[in-house]
Every structure is written in structure tokens, then in C-alpha cells.
Amino acid sequence: MFNKRIKIKELLAQEPKGQEATVMGWVKTFRNNQFIALNDGSTNNNIQVVAALGKFDDELLKRITTSASLKVTGTVVPSLGKGQTMDLNAETIEILGDSDPEQYPLQPKKHSLEFLREKAHLRFRTNTFGAVFRVRHALAFAVHKFFNEKGFVYMHTPIITASDAEGAGEMFKVTTLPLEGNIPKNEDGTVNYEEDFFGKATNLTVSGQLEGELGATAFGDIYTFGPTFRAENSNTTRHLAEFWMIEPEMAFYDLEDNMNLAEEFIKYIIRYAIANNKEDLEFLAQRLADEEKQLPQDKRSEMGLMEKLDFVLNNEFERLTYTDAIDVLKNSNYSKKKKFQYEITGWGMDLQSEHERYLVEKHFKKPVILYNYPAAIKAFYMRQNDNCEPGQQTVAAMDILAPGIGEIVGGSQREERLDKLQSRMKDMEVPAEELWWYLDTRRFGTVPHSGFGLGFERMVQFVTGMTNIRDVIAFPRTPGSAEF
Ligand code: ATP
Ligand code: MN
């Protein structure tokens, strides 16, 4: 058996008292031909391996270079040096894989995040990305833990869908028709998708919600957690073409129940990450503080990362209606001094991210849940509110806005009344024939139900303090970029 190593995280938690240990990992640095900082990815902390002078061949020592992989067996003793509690006094050192220092692209110095994006295949070996991706893992695990504890059924909704009715964004087509060959055409010149693989036009999903609703109206509570795709040509720090979304759907939930669940959920997964990845988060907090030192005073965050997370945990999210939000924005100094790029024109307008960020970062200074949006700017499946003022029809939608990120959750109570749903689909030209299966849930035992979608990468951004969404997913897909 090859692998009877101890992970460095576990080893560092032990008391050093001469016990034997075998570790394996990659060299971070090698100082004075004697001190090897070895890392195995289990933690950002390295074990200091001591190769006593004269004990090892020069030939071997020469091969201990940054990112070479080693197997080391030795005894664990209290460290004489500063900066670590223990040393591993090496008895044997085996080079598992060499790393040519002339060729290795990540020298042990500070690299920019942009540079590291080009080296995304190796960036996990840096402290920053080590921490980010361990936190990402913890958050993903916490998602499942939260819903499992609440008795939700984890449902896998399809990646390839034939419905493009959801309208959440531009879709990627899925086809086996020959793009460069003879594409079968109908008489009117349009593509004949009957000849295509599925016998109809198909796309990559933008959301699993509609299928999720089918699950909720049988299991009661379900959630999805999977990849979603949007061919939107928006090159921003918070949009990806491929991202992961968590979409719970709950029967017997109204909008308020929905908001309560979303808030509880967000707090739960943050709390889990703090409890299980404190060191990584503290490292990221320091990284962010250092990065922000480069910024002018007014661009820096008012709170450090840990402080911000604690603040979110310990305060209720601000809840206000769209209508009230418009009033706040209209009366704001920003609006009066024309500091918004997009003017506040009044009720009915779609909010731009600068408006959302104003509400969250300048006005309320905490996460905000906006609800009851104008029907005209929201999707067909959202429940129409009763007793609206004439000309001010709203739907039971809610968005959660987070400081530094903007929209992190979008959700709603779903329209459960068949006639209302059908008339709205007609108005919005959503093809009812294609969604016959969706409408069936309203025909056979319809119930009030709700759900939301949380963009997982935006959540990871919020918790890690990374400003660019490309730095919280292993291999980002964005317009013009699908490397690795
Ligand atoms: P935005 O206005 O920010 O583009 P949206 O209104 O298109 O968001 P929804 O369709 O409600 O978003 O999707 C639900 C959630 O998925 C959003 O709240 C957000 O967290 C996330 N999300 C949406 N689009 C993207 C994207 N392109 N990349 C990463 N996350 C996304
Ligand atoms: Mn969008």
C-alpha cells in the first residue's frame, strides 16, 4: 500500500513528541538547503520538513524545487524556529515528481489574480486559491446539509431542455446537425429540427425551476444544485456563461415563507463555513485588506471580511417592497445629484445594479430583500398579487441583494391558479402547448408554492471576498474564453 500518509492539516493539530509520520505534498519553498515548506492542499499551512545538513545526497537536494512532489518520512518534534510549532525531521525523502524551476510558471512570489487566471490549471497551488476552493467546498457541502436536515429531496433536473420558455437568459443550442454541411430545412427556409438528435430544438438549461416545481408538487420540498448556462454576452465581474445554481421549490409556501427560508439558508451556510474554514477565511480577509490598501479611501469596504460575515449573521435582512425602494431611490442624494448612470424614472422601471447597490451599500448597509415587483418586468410564472392599484399590478417576486455583489437570489411565489397563469402566458406570448406538463400541476391538485434560485458563485464571492466571479469557479466560462 502506497498511501499511508497523514494529511498535513491533521499532523499540525497533533502535539509534537517524537512520533513518526509520513507526509506527501508539493514543495512551496526550500531554504538554506535544509528547510522545506511542504503543502498538501489540506490546509494553507505548510509542514516544515528539516533535511539535516549532510544527511542527504546533493543530487537529491538539487531536485527539491518549487512544486516538486515529495514523500517524506520522519519524526515530529517541537520546532526550534519561529513561525511554526513543529518540524518533521526527515529520515527519508523520496522525490515523486520533479518540477523544473526554469519551466514552472508560478514562482514563490505574489502573482496578480489576472495572471493566475491564465494559469488556472496550477492556481489551486497558491494560498489564495487553496483557501477559495476549500471554502467553496465547505459551502457546497453545507447546502446539502441544510436541505437534508430539513427533509428536502435533492432532485437532478435535466441539463438539456426543449423548453426555452423560461426566458431567464439567452440559451446555448444543443444540436448534432452539421453546422458546416447541409442543414435540413423546412419549405419556408427555417431549420428542420425534426431531423436533429432529439427530433426538436434543444438547449442547455438556464434554470431547473419548472421541473423543480413538478418535484415540489409531489415531494413537498425539493432542491436542485447543478450547472446552468446562459449565453448572455455580459462581461462583468458577476456573470458566467456556466454557473452553478441552487434552486429549492416548496409546496405550501407563500412569499414570506420563501423569504424566511432563503434568509435562514444563507445564514446557515455562512455559519458552516466560519465554523469549519476559519483559517482559510481569515487568510482571505487579510488578502482582501491588503488588496484594499491599494484603493482610495472611499473605495474601501467599511468592514473587514470576517466582520462583514458576522454582521450578516447577526442582523435581519432588510425587507422592503419594490414600491418603497423606488421612493428611497427617488429621494436619495444620488438621484438628486444625478450620480446614477440610469435615472430613476419612477414606478415600473427595472432596477439597474447601481440602484441595487445603492440600496444595499449606501442606504441600508446590509442585505436587502426586495419584493412585490411590477408584473411587467418579471417572469410569467410569478404569482399575481391581488388588490393592486390600477396600473400597478405586482407579482409576488423577491430578490435578495448582497453588499458588494448585488443580486444573489431571485425567487417568487409561483402562480398556482390555472386561469391566471394561462392568461398571463397568453399576454407574454409564452407557448402553452410546449408547457402542457407544467400546466398539469395546476390541473391536478394545485397548491400555493414558492421557490428561489441562489447563484452559487455569487455566494462564494460574498463569503470569500473575491471581487471577480472568475476567481471562485475552477475553470470559468465567459464570452471568448473556455480554456482548460
Ligand atoms: P442578473 O440580473 O444579476 O443577471 P438574473 O436576474 O438574470 O441576475 P436569475 O435569473 O434570477 O438572475 O437567476 C438566479 C440567480 O442566479 C441570480 O440571483 C444570481 O445569483 C445567479 N445568476 C444569474 N445569472 C448569472 C450568471 N450569468 N453568472 C452567475 N450567476 C448568475
Ligand atoms: Mn441575468
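Report on the accompanying structure. (Residues numbered from 1 in each chain as written. Chains lettered and ligands numbered in written order. Predicted model: local features only at pLDDT ≥ 70, side-chain atom pairs only at ≥ 80, totals over all residues. Heavy atoms only, no water.)

**Section: the overall build of the chain**
Point 1. Looking only at helices and strands, the chain has 14 helices and 16 strands in total.
Point 2. Seen through its C-alpha atoms, the chain measures out along the principal axes to roughly 85 × 60 × 45 Å.
Point 3. Within the chain, the proportion of its 484 residues that are buried is 51%.
Point 4. Residue pairs in contact within the chain that sit at least 24 positions apart in sequence constitute 69% of those at least 6 positions apart.
Point 5. One finds the centroid of the 57 positive side-chain charges in the chain at a distance of 6 Å from the centroid of its 71 negative side-chain charges. (Helix = DSSP H or I, 4+ residues; strand = E, 2+ residues; numbered from the N terminus. Buried < 20%, exposed > 50% of the residue type's maximum accessible area, 1.4 Å probe, protein only. Contact = heavy atoms within 4.5 Å. Lys, Arg positive; Asp, Glu negative; His and termini not counted. Charge placed at Lys NZ, Arg CZ, Asp CG, Glu CD.)

**Observations regarding the environment of Phe229**
Point 1. Of note, Phe229 is situated in strand S10 (residues 221-229).
Point 2. For Phe229, the residues in contact, after removing those within four places along its chain, are Ile159, Glu170, Phe172, Leu204, Thr205, Val206, Ala241 and Glu242.

**Here's the deal with helix H14 (residues 456-464)**
Point 1. Counted residue by residue, H14 has nine buried out of nine residues, so it is predominantly covered.
Point 2. Trailing H14 by a residue or two, Gly465 shows a phi angle of about 75°, which is positive.

**Details of empty space enclosed by the protein**
Point 1. Tallied over the entire structure, the rule returns two cavities of 30 Å³ or more.
Point 2. When its volume is computed, the second largest cavity comes out at roughly 40 Å³.
Point 3. Put simply, the parts of the chain that give the lining of the second largest cavity at least two residues each are strand S14 (394-402) and H14.
Point 4. Split into classes, the residues belonging to the lining of the second largest cavity amount to nine nonpolar, no polar and no charged. (1 Å grid on protein atoms, 1.4 Å probe; cavity = no way out; pocket = protein on both sides within 12 Å on 5 of 7 lines; lining within 4 Å. Points joined across faces, edges and corners; volume = space filled by probe spheres on them. Nonpolar A, V, L, I, M, F, W, Y, C, P; charged D, E, K, R; others polar.)

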